[in-house]
Structures are given as C-alpha cells and as structure tokens.
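Geometric and topological summary
If you want the building blocks of each chain, they are given just below.
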Amino acid sequence: MLALPLVTALPSPTPAEPRLNSLTGLRWWAAFGVFGYHMNNLAPLPIADLLHLGNYGVMFFFVLSGFVLTWSARPGTSVATFYWRRFARIYPAHFVALLFAIPVFYSLDPDPAQWWVKPLDLGVLLLSVLLIQGWSLTPAIIFSGNPAAWTLTVEAFFYALHPWLNRVLAALRSRGALLIALGLVVGSFGWRALELALPAVNAAPIPVPVERLAEFAIGMCLAHAMRLGWRIRMPLAVVVGVGAALVVIATVDTATAWLGPVRDVVRATQTEWMLVLCALLIAVVAARDLTRGPGWLSARWMVLLGEASYAFYLVHATVIYAVIGIVGQQPGGWSELLWYPPLLLASLVVAFALHLGVEKPLERRMRRWWDARHERRAATASAA
C-alpha cells in the first residue's frame, strides 16, 4: 500500500477480542458526513458551514483505523501477513474506483469552467495507482486520480508503521498508553498555538501522512488501553452534547460579548477539538458495547452500511461530480435538498456494487491465496 520475514509476529495482550459492531455502524455516519461535505459543491444549502464539518469524517476514519487495527491484532500474525491483508482489504476497490473516476476528473481537453477536471497526465495517474500521491505538497497531485484516494496514501503509511508501533504499545500498561494519547492531544493543541503565533511554522511543508499520524496513534493507544481492561466512564449523551456545542460554536455567529472570544478561540483550534471529539466518541461507543451490549448502532442495517462505507467513500465524489458535469452547480437554497436523496441513493447503489462485486470477493480470494501459500511453505519446511 511491503517484504518482511514471515516469522515476525505482531504482539497482542490477549488472544482475541469481541467485535465492536457499533463502531462499524459509526463508520457509516462518518462517510455520510463526507458525502454532505461534497454535496455542497453540487447543491449548496444555507447550512454550508455545517456541511463543511462533514470533512472531519476523514479524521474519524484515521482515529478509528488505529483503534480497530490494534483492537483486532492477533498473536502469531506475521508482519507480512498483516501487510497483505491490508493490501487485499484496500487495493482492489481502490483500483476499480480509480478506473471509474478517471473519465469524470480527467480530459484530453478540459473545459476551464469545470475546475475539477484536470488534463490527462499518465505520470500523475501512476502515482495514484501506486498510492503515493498523498506525499506531494501540490494539490493537483494530492487529489489526482480518484480525489478521495489521497486518504489511502495516509492509511498505507499507517499500515506500514502499525506493527512496529504496536510493539511499543505492548510494553505499556493502560495508563502509559492513555498518557501518550493525552500527550498527543496536548501536543496537537500546542502545535496549533505555535502555528497561530509564528506564521513561518504554519508555512512549514509537512507531508499529509506525517501530519495525520497523531490521529492514528491516538486510536491505537485507546484500543490498547481498552484491551488491558480500561473503560471510559462517560455517558454517550455527554459526548453528543459536547459535539453539538462544538457544532454550534463553529457554525453560528453570535454577538454575545463573553461568547464571542470563546467562539474565536474554539474556531482557531477547531481541528484539535474535533480530534478530541472523535477519540471520545470511539472510546465511549466501544465501552458501551463491551459493558452494556450492542445498541442501535450495531443494528443489522447499520452494520451493512458501515461495511460498505469504504466503497461509498471511494465512489460518492465521482457520482456527485459526474452529475455536476451534466447539470452544473445549482444556485443554492433550501430547494436544493431535493438533490440529496437521489444522489445518496445513486452513490449507495454504486457503492454496494463495488463492495459486493469487488471489495469483499477479491479480499476473500486474496486472503485465501496467501493463507494457502503460507500453509504450503510451512508443510514444506516441516517435511524438510
């Protein structure tokens, strides 16, 4: 998304952990938020600031990725097997989605009015095929190919580091892991304050995968602490309330004398507060599943949507921009809500076709091939 000895095993404090289906359900809502963010380019609504917050669904995915990979780590799984499984999980759907995206986002003679269409460049597209486009600092390259796939460059970087970061975590108790997570959050706020105080720091070129590593690491730390028995004692209603307050502060302008300065500070550090919210939401929902049993987020329809959320994420922007290319950007207003249900339905149809026709079957076949190959090697070594 890599070749290491087959004998290197991933550490894990316990042999197996229960599935946290509510987190799968949450994945759908994060993907839905990103859908709303992109729909604003087709059919702007008066709540554009609220829709813009849907972009933080990507941050949620990064934190959740660190959590899930650490939670589900199994003893005896080699590093090479881990890498292959992640490749099998991510790449087939990415490649097919890229093929569908190219006609929408590229042209031999692009129309200047269609700002999202770029001149066809096979060299740049090759970066997308290899999932290394996200290391560039040039937007035209970062968002090349299927524009949504820049996040896969970041995920590939996380996957490469995970087995080694997990070894470090294995030496820590839950308190140590939580202190690291807290330190990463505090460090994120500190870095933001430094950027605001020193513009030269803000202009420093930092590749996106490195910039987002703290989000993944925080998810890893939370999962490790929970595997060792830690449970956050916070009602979900409190997290929802904090999230609602953050949304109001970020999107509603007020003239209140005391609230104005608070709003300005929160908006300046909005990304960091969203990171805290994502981490709390994942920890609280996971703890609820473990202590109180599954809730509505683990309902079958929610889990199905969550399982297809990766495919949905890959194709929804392609569907939206294909429609923009036909009808153009709409003038805006509440009447534009009529665009949302059919575009959501169309994106879901394409997503489930990709999920059920490519993502799941190819992942299953690739994993079976790898496991059979490993068994043959083991049998040969045993016979020798």
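This section reports on the structure supplied with the text. Just so we're clear, the structure is a prediction, and the values are computed from it rather than from any experiment.

Attention now moves to helix α15 (residues 300-307). Listing the buried residues of α15 in full gives Met 302, Val 303, Leu 305 and Gly 306. Taken down its axis, α15 places every buried residue within 160° of arc, on the same side. Lining the buried residues of α15 we find α1 (21-39), α16 (309-327) and α17 (340-383).

In this section: the side chain of Asn 146. Mapping Asn 146 onto the fold places it in the loop between α6 (139-142) and α7 (150-170). With relative accessibility at 1%, the residue Asn 146 sits in the buried group. If near-sequence neighbours (up to four positions away) are discounted, Asn 146 is found in contact with Ala 97, Leu 98, Ala 101, Leu 314 and Thr 318.

Attention now moves to the side chain of Ser 65. Its place among the elements puts Ser 65 in helix α3 (residues 57-71). What makes Ser 65 buried here is its relative accessible area of 11%. Setting aside chain neighbours within four positions, we find Ser 65 in contact with Glu 155, Tyr 159 and Phe 216.

One pass over the structure, following the stated rule, counts seven salt bridges. Across the salt bridge formed by Asp 371 and Arg 85, the nearest N and O atoms sit 3.9 Å from each other. Of this pair, Asp 371 sits in helix α17 while Arg 85 sits in helix α4 (residues 79-105), and the two are 286 residues apart along the sequence. Judged by relative accessible area, Asp 371 falls into the partly exposed class, the value being 29%. Residue classification places Arg 85 among the partly exposed residues on the basis of a relative accessible area of 25%. Glu 215 is the partner of Arg 212 in a salt bridge, and the nearest nitrogen-oxygen pair spans 2.7 Å. Take Glu 215: its relative accessible area is 7%, and that puts it in the buried class. Members of the salt-bridge network, linked through shared partners, are Arg 192, Glu 195 and Glu 272.

So, about the packing of aromatic side chains. One pass over the full model with this rule turns up 26 aromatic pairs. Ring geometry for Phe 67 versus Trp 71: centroids 6.1 Å apart, planes at 15°, classification stacked. Here Trp 71 and Phe 67 lie together in helix α3, a separation of four residues that amounts to about one turn. A ring pair is formed by Phe 87 and Tyr 91, whose centres lie 5.0 Å apart and whose planes are at 15°; its orientation type is stacked.

Criteria and cut-off values
Residues numbered from 1 in each chain as written. Predicted model: local features only at pLDDT ≥ 70, side-chain atom pairs only at ≥ 80, totals over all residues. Heavy atoms only, no water. Buried < 20%, exposed > 50% of the residue type's maximum accessible area, 1.4 Å probe, protein only. Helix = DSSP H or I, 4+ residues; strand = E, 2+ residues; numbered from the N terminus. Arc of directions from axis to C-beta. Contact = heavy atoms within 4.5 Å. Salt bridge = Lys/Arg side-chain N within 4 Å of Asp/Glu carboxyl O. Phe/Tyr/Trp six-rings, centres within 6.5 Å; stacked < 30°, edge-to-face > 60°.

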